[in-house]
Amino acid sequence: MVKLLRRGCLVASVLASLAAPALAVAQAPGPAPLLAIYKSIHAHPELSHYEEQTSAVLATELRAAGYAVTDHVGVYPDGARAFGVVGILKNGPGPTLLIRADMDALPIVEETGLPYASHITTKTRSGLDVGVMHACGHDIHTTNLIGVARAMAANRSSWHGTLMLVGQPSEETVDGARAMLADHLYERFGRPDMVVGLHDTNAWPAGKVGLAVGPAQAGATSVDVTIRGIGSHGAAPQMGKDPVVLTALFITQLQTIVSREEDPQDPAIVTVGSIHGGAKRNIIPDEVKLELTTRAFSEHGRQVILDGIRQMAQGVAISAGLPPDRAPIVTVLDGESAPPLYNDPALSARVKAALVGALGPANVIDARPITPSEDVGEFGLPGHQIPVSYYWLGAMNPEKFQAAEAAGRALPGPHNSRFEPDPEPTLATGVRSMTAVALALLQ
């Protein structure tokens, strides 16, 4: 009992030292202020699969904080090496906690006008010229991980066990976590007992966090569909089978999967994001290609969607009298899909208690499940073998947030060219909250 009380006092002392934003952000132990690191990472974003400099910054900072660091962790299906970073700090016997942060940016031209805005342009693997921006806050996540690493290393008397810090590449292409696991992450560095992480959001101002228990984020499944027909002259449609018309029928029918096939208490989404067919107005093409994204919170929901897509594609072909060799082609892209994120109730209860203790109950919100997807759940392994808890970090300037809320509008959020986290209070809350969670779990 005496040991527990003493350790509780030490934890309270650590959190008190992180209470002031200026201390947590500008003066946390380490060779460079967190705010400067954040601005540098924000100004120099890198796309998925190309996080060379970002991962090097993270690896350098973790080594400086005393962690055993391995970089270039991860291998993609084509054999290419990934830029994953793993930092390990052992501190006696006890549980192993994995804290994950993602590092990649998006192909978006930044329009925030910030003095440290990105002006980076690059070519995608397909040769397309694009701007690059940290439009999803992974710069906040990476910098926050550095701050937590410093705080935990400087306060080893307040916890025991093993801290595994993971800088994950390629979250935006949802293949980074899978790449690290394929490179024998747990066999090489040990299997964690728990996985936690955070994601910034425009839903709340800096200073507040949110946590959903149970289903937290939908799983995403990417699907390509090719509706095939028989080409002909646009003035003689009777000589062919028009795949454009069949595609229109197919898209309309797709929406009945959610409204008529899936259980309304198990939310699902089917979205056609891309359609390509034809080259000239007076030519009926041979085929139309579609790219779909689907979202579901359960494996049953996912399967209902996939079955519906296949059946409806086949149905429009049969109704048009197409021969079997012109049947539609439906391809599920497992490499571009992510499982649902399930926040383990028992672990999330411990995480929430730590958040409330660090920030106060008024600043910890019971969040609702959302349909945007994440691949952090991959670290929990199939069937939720390892409990995961992932929470939201308010990132908006409080005054701007209050003004926008009063006007009935939302500030630009993730994947928007004007997404603008307020870094100092956001990082202060992130470091304080995640340090509190780590301290609570490593007891």
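In case you missed it, the structure is sitting above this.
This text gives an overview of the structure that appears in the document. Given the structure is predicted, the values throughout are model-derived calculations rather than measurements.

### So, the overall build of the protein
Broken down by element type, the protein carries 12 helices and 18 strands. Rg of the C-alpha trace for the protein: 24 Å, near the compact-globule value of 22 Å for 443 residues, within the 12% margin. Counting only C-alpha atoms and orienting by the principal axes, one finds that the protein spans roughly 85 × 50 × 45 Å. Evaluated residue by residue, the protein yields a buried proportion of 53% over its 443 residues. Counting every atom, the protein has about 19,100 Å² of accessible surface; 57% of that belongs to carbon and sulfur. On the protein, the mean spot of the 33 positive side-chain charges and the mean spot of the 43 negative ones are 4 Å from each other.

### Re helix H10 (residues 345–359)
If you check H10, its first and last C-alpha atoms are 20 Å apart, about what 15 residues at 1.5 Å a residue would give, namely 21 Å. For H10, the side-chain oxygen to backbone nitrogen distance between the N-cap and Ala346 is 3.3 Å, and the N-cap itself is Asp344. The first or second residue beyond H10 is Gly360, which carries a positive phi of 95 degrees.

### Re the environment of Gln217
The residue Gln217 is located in strand E9 (residues 214–217) in this model. Relative accessible area serves as the criterion here: at 2%, Gln217 is assigned to the buried category. Distance from Gln217 to Ala296, taken between C-alpha atoms, is 8.8 Å for residues 79 residues apart in sequence. Setting aside residues up to four positions removed in sequence, Gln217 forms contacts with Phe297, Pro340, Leu341, Ile370, Pro372, Ser373, Glu374, Tyr390 and Trp392. At 2.9 Å, the side chain of Gln217 forms a polar contact with the backbone oxygen of Pro372.

### Description of the packing of helix H4 (residues 52–64) against helix H5 (residues 138–154)
Across the interface, H4 lies against H5 with an axial gap of 10 Å and an inter-helix angle of 10 degrees. Taken together, H4 and H5 sit at an angle that is classed as roughly parallel. For the pair H4 and H5, the contacting residues are Thr54, Leu58, Glu61 and Leu62 in the first and Thr142, Leu145, Ile146, Ala149 and Arg150 in the second. Here the contact of H4 with H5 is composed, by residue class, of 5 nonpolar, 2 polar and 2 charged.

### What about the packing of helix H3 (residues 34–43) against helix H12 (residues 423–441)?
Between H3 and H12, the least distance of the axes is 10 Å, while the angle of their chain directions is 115 degrees. If you check the angle between H3 and H12, you find them roughly perpendicular. In this structure, H3 meets H12 at a crossing whose hand is right-handed. For the pair H3 and H12, the contacting residues are Leu34, Leu35 and Tyr38 in the first and Pro423, Glu424, Leu427 and Val431 in the second. Looking at side-chain class alone, the contact of H3 with H12 contains 6 nonpolar, no polar and 1 charged residues.

### Looking at the pattern of salt bridges
Applying the stated criterion to the full structure yields 16 salt bridges. Its salt-bridge partner being Asp183, residue Arg81 comes within 2.7 Å of it at the nearest N-O pair. Remark: Asp183 occurs in the loop between helix H6 (176–182) and helix H7 (185–189) and Arg81 occurs in strand E2 (residues 81–91); sequence separation between them is 102 residues. Residues Arg100 and Glu374 are paired through a salt bridge, measuring 2.8 Å at the closest nitrogen-oxygen approach. Of this pair, Arg100 sits in strand E3 (residues 96–102) while Glu374 is found in the loop between strand E17 (364–366) and strand E18 (388–396), placing the two residues 274 residues apart along the sequence. The same class applies to Arg100 and to Glu374, which are both buried. Three or more residues joined by partner-sharing salt bridges are found here, namely Arg100, Asp102, Glu374 and Asp375.

### Side note on the sheet that holds strand E14 (residues 287–296)
The 4 strands are arranged E12-E14-E10-E15 in an open sheet whose pairing can be described as antiparallel. The two strands at the open ends of the sheet, each matched to only one other strand, are strand E12 (268–277) and strand E15 (329–338). On average, adjacent strands in this sheet sit at an angle of 20 degrees to one another, irrespective of strand direction. Taken together, the 9 bridges between E12 and E14 define a ladder with antiparallel strand orientation. Within the sheet, the bridge partner assigned to Ala268 lies in E14 and is Ala296.

### As for the sheet that holds E3
Reading across from one edge, E1-E2-E6-E3-E7-E18-E8-E17 is the order of the 8 strands in this open sheet, with mixed pairing throughout. The sheet is open, and its two borders are formed by strand E1 (68–75) and E17, each paired with just one other strand. Ignoring which end each strand starts from, the neighbouring axes of this sheet average 30 degrees apart. Sheet topology note: the E2/strand E6 (residues 161–168) ladder contains 7 bridges and is antiparallel. Each bridged residue has a counterpart across the sheet, and for Lys90 the counterpart in E6 is Thr162.

### Quick notes on the packing of aromatic side chains
Within the structure shown, the criterion is met by 1 aromatic pair. Considering the side-chain rings of Tyr38 and Tyr116, the 6.0 Å spacing of their centres and the 75 degrees angle between planes classify their relative orientation as edge-to-face. On the criterion of sequence distance, the pair formed by Tyr38 in helix H3 and Tyr116 in the loop between E3 and strand E4 (121–123) is long-range, its members being 78 residues apart. Residues Tyr38 and Tyr116 agree in their burial class; the two are buried.

Rules of the game
Residues numbered from 1 in each chain as written. Predicted model: local features only at pLDDT ≥ 70, side-chain atom pairs only at ≥ 80, totals over all residues. Heavy atoms only, no water. Helix = DSSP H or I, 4+ residues; strand = E, 2+ residues; numbered from the N terminus. Rg over C-alpha atoms; globule rule 2.2 N^0.38 Å. Buried < 20%, exposed > 50% of the residue type's maximum accessible area, 1.4 Å probe, protein only. Areas by Shrake-Rupley, 256 points an atom, 1.4 Å probe, with all protein chains shown as cover. Lys, Arg positive; Asp, Glu negative; His and termini not counted. Charge placed at Lys NZ, Arg CZ, Asp CG, Glu CD. Expected span 1.5 Å × (residues − 1). Polar contact = N/O pair within 3.5 Å; in protein donor to acceptor, adjacent residues only side chain to side chain. Contact = heavy atoms within 4.5 Å. Axes fitted to C-alpha atoms, helices over the stretch in contact; angles between N-to-C directions. Parallel < 35°, antiparallel > 145°, perpendicular 65-115°, else oblique. Nonpolar A, V, L, I, M, F, W, Y, C, P; charged D, E, K, R; others polar. Left-handed = near helix turned anticlockwise from the far one by under 90°. Salt bridge = Lys/Arg side-chain N within 4 Å of Asp/Glu carboxyl O. Pairing = 2+ DSSP bridges. Phe/Tyr/Trp six-rings, centres within 6.5 Å; stacked < 30°, edge-to-face > 60°.

What is shown is where atoms sit, not what they do.
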